[in-house]
Amino acid sequence: GIAHDFNNFLSRILGSLSLAMLQIKPKTDLHDLLTESKNGCMAAKDLTAQLLTFAKGGAPIINIHDLDSVLKDSCAFAARGSAAKTVFEIDKDLFPARVDLSQFGQVLHNLILNAVQAMPEGGTITIRASNQELEADSIATLKAGPYIRISIADQGSGIAEAHLKKVFDPYFTTKATGRGLGLASCHSIIKKHGGHINLESTLGKGTVFTFILPAAKDGDIPRKESPAVSKKGSGKILVMDDDAIVAKILSATLRNLGYSAEAVPDGASAIKLYTQARAAGKPFDLVIMDLTIPGGMGGKETIRELHKIDPAAKAIVYSGYSDDAVLAEAQSHGFTGSFSKPFTIEEISEVLESVLGKPPKK
């Protein structure tokens, strides 16, 4: 519940920042300050997701991604400001992977941070990525097939043999200020992605964390690339959110992207307005609805009622509970797409382009 409220607050900040940055010339001092603020919000979003992943084992929201740039950007960012140097050895023909990009970023951040802290005087962190064809029974918990193998090696002090079997245990830490959640979260995330993680370490020589993730296969879900800039669209969209400020910011974001938008506070109001617009011959092209409405009709109930009125209705679900299984399996719950709070204008643009181009689910 705290995470949900926190993400609602972040939605107000991040959504407003995204809109404000559109009105500021790039490469100016003010634009740079807003960019740093936006990056801070994204870091806070990742921290909330990490806590949810550890506490509830959040279901990953899977898409297909090329990992080359993700590895380089995330690892370099995590090591920024430290005395450590990052070196990359990545296969040019690296398979795309089926990952939740936010959760995958958490794994990289935690492992790089671990390496940085193991080398307070500096050193080299080597990130390697290659394709691997896994044979049956080579790893008991995994199926045979194509995987991506990723390793992160440091030149730090290493881990004592007595601690090696405990490093992934929740709350186990050898650091004076550590919480013991980072590596436990990594283990949980990799496992829920259908992968495997282990480590090798020698005192005085360093540590290597290695994990493998399932590669995308031909005929799998379409590859999804993050757009560098937001793209304009058109259509009439109904927003349902009990937080009036979040609804206002999301509506403004939609209008900035070229859509018209109206907002209501709950499911009953959404059904009423959707029905009236349809009867007047001015139907909504899409409904974006919050999953949870305290004291009112939330997303799951609303989409069921909406499809009774209009079986072809398109709807996107979003939530501050970024680990909710409904977001991970949106289509099985009647939705056409999903995203989590807080959101940026680029994320909204991407999901709208994807959803409004899809035929209604039968």
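None of the values given here were measured: they were computed from a predicted structure.

Section: the sheet that holds strand E10 (residues 286-290)
Reasoning step 1: Taken in spatial order, the five strands make up an open sheet running E9-E8-E10-E11-E12, and their pairing is parallel. The sheet terminates laterally at strand E9 (260-264) and strand E12 (337-340), the two strands that pair on one side only. Sheet twist, expressed as the mean angle between neighbouring strand axes with direction ignored, is 20 degrees.
Reasoning step 2: Contacts between helix H7 (residues 267-279) and the sheet are confined to strand E8 (236-240), E9 and E10, with E8 contributing the most and set at about 160 degrees to the helix.

Here's the deal with the pattern of salt bridges
Reasoning step 1: Scanning the model with the defined rule gives eight salt bridges in all.
Reasoning step 2: For Asp68, the salt bridge goes to Lys72, with nearest N and O atoms at 3.2 Å. Separated by four residues within a single helix, Asp68 and Lys72 lie in helix H3 (residues 67-79), roughly one turn from each other.
Reasoning step 3: Between Lys341 and Asp241 there is a salt bridge, with its nearest N and O atoms 3.0 Å apart. One end of the pair, Lys341, is in the loop between E12 and helix H10 (345-355); the other, Asp241, is in the loop between E8 and helix H6 (244-256), and 100 residues separate them in sequence.
Reasoning step 4: For Asp241, a relative accessible area of 2% translates into the label buried.
Reasoning step 5: Linked through salt bridges whose partners overlap, the residues forming this network are Asp241, Asp290 and Lys341.

Overview of H7
Reasoning step 1: Look at H7: 18 Å from first C-alpha to last across 13 residues, which is about the 18 Å you get at 1.5 Å a residue.
Reasoning step 2: Those residues of H7 lying buried are Gly267, Ala270, Ile271, Tyr274 and Ala277. In an axial view of H7, the angular spread of the buried residues amounts to 135 degrees, which keeps them on one side of the axis. For H7, the exposed residues set more than 90 degrees away from the buried face come down to Lys272 and Ala279.
Reasoning step 3: Looking at the buried residues of H7, the elements they touch are E8, E9, E10 and helix H8 (299-309).
Reasoning step 4: Where H7 starts, the residue carrying a side-chain oxygen 3.4 Å from the main-chain nitrogen of Ala268 turns out to be Asp266.
Reasoning step 5: Of the residues trailing H7, Gly281 is marked for its positive phi of about 80 degrees.

Considering the environment of His109
Reasoning step 1: Counting through the fold element by element, His109 comes out in helix H4 (residues 101-118).
Reasoning step 2: When its relative accessible area of 35% is taken as the criterion, His109 is described as partly exposed.
Reasoning step 3: Considering only alpha carbons, one finds His109 and Cys186, 77 residues apart in sequence, at a separation of 9.6 Å.

Considering the sheet that holds strand E6 (residues 196-202)
Reasoning step 1: As summarised here, the arrangement of the five strands in space is E2-E4-E5-E7-E6, forming an open sheet in which the pairing is mixed. Two strands lie at the open edges of the sheet, namely strand E2 (84-90) and E6, each paired on one side alone. Along the sheet, successive strands turn relative to each other by an average axial angle of 15 degrees, direction set aside.
Reasoning step 2: For E2 and strand E4 (residues 123-134), the ladder comprises seven bridges, and the chain directions are parallel. Within the sheet, the bridge partner assigned to Glu89 lies in E4 and is Arg128.
Reasoning step 3: Contacts from H3 reach E2, E4 and strand E5 (145-153), with the element oriented near 170 degrees to E2.

Remarks on the environment of Arg80
Reasoning step 1: Among the structural elements, Arg80 can be located in the loop between H3 and E2.
Reasoning step 2: Taking the relative accessible area as the measure of exposure, Arg80 reaches 55% and is therefore exposed.
Reasoning step 3: Separated by 36 residues in the primary sequence, Arg80 and Val116 have C-alpha atoms spaced 9.8 Å apart.

Observations regarding the nonpolar core
Reasoning step 1: With 38 residues, the main nonpolar core has Leu67, Leu71, Phe104, Ile112, Ile125 and Phe211 as its most contacted residues.
Reasoning step 2: Counting residues per element, this core draws most heavily on H4, which supplies seven residues.
Reasoning step 3: Those residues within four positions of Leu67 in sequence are excluded, and the remaining contacts are Leu94, Ala97, Val99, Phe104, Ile148 and Ile150.
Reasoning step 4: Counting 22 residues, the second-largest nonpolar core is a separate cluster that includes Ile237, Leu250, Leu254 and Leu286.

Describing the side chain of Asp290
Reasoning step 1: Structurally, the position occupied by Asp290 is in strand E10.
Reasoning step 2: A polar contact is formed between the side chain of Asp290 and the side chain of Lys341, at a distance of 3.2 Å.
Reasoning step 3: Non-local contacts of Asp290, meaning those with residues more than four positions away in its chain, are made with Met240, Asp241, Asp242, Gly298, Gly299, Tyr318, Ser319 and Lys341.

Quick look at the packing of H4 against helix H5 (residues 182-192)
Reasoning step 1: For the pair H4 and H5, interaxial distance at closest approach is 9 Å and the crossing angle is 145 degrees. Once H4 is placed against H5, the crossing between them reads as left-handed. Contacts between H4 and H5 involve Gln103, Gln106, Val107, Asn110, Leu111 and Asn114 on the former and, on the latter, Gly182, Leu183, Ser185, Cys186, Ile189 and Ile190.
Reasoning step 2: Tallied by class, residues from the contact of H4 with H5 come to six nonpolar, six polar and no charged.

Thresholds applied
- Residues numbered from 1 in each chain as written.
- Predicted model: local features only at pLDDT ≥ 70, side-chain atom pairs only at ≥ 80, totals over all residues.
- Heavy atoms only, no water.
- Pairing = 2+ DSSP bridges.
- Helix = DSSP H or I, 4+ residues; strand = E, 2+ residues; numbered from the N terminus.
- Axes fitted to C-alpha atoms, helices over the stretch in contact; angles between N-to-C directions.
- Contact = heavy atoms within 4.5 Å.
- Salt bridge = Lys/Arg side-chain N within 4 Å of Asp/Glu carboxyl O.
- Buried < 20%, exposed > 50% of the residue type's maximum accessible area, 1.4 Å probe, protein only.
- Expected span 1.5 Å × (residues − 1).
- Arc of directions from axis to C-beta.
- Polar contact = N/O pair within 3.5 Å; in protein donor to acceptor, adjacent residues only side chain to side chain.
- Core = buried A, V, L, I, M, F, W, Y, C linked by side-chain atoms within 4.5 Å.
- Left-handed = near helix turned anticlockwise from the far one by under 90°.
- Nonpolar A, V, L, I, M, F, W, Y, C, P; charged D, E, K, R; others polar.

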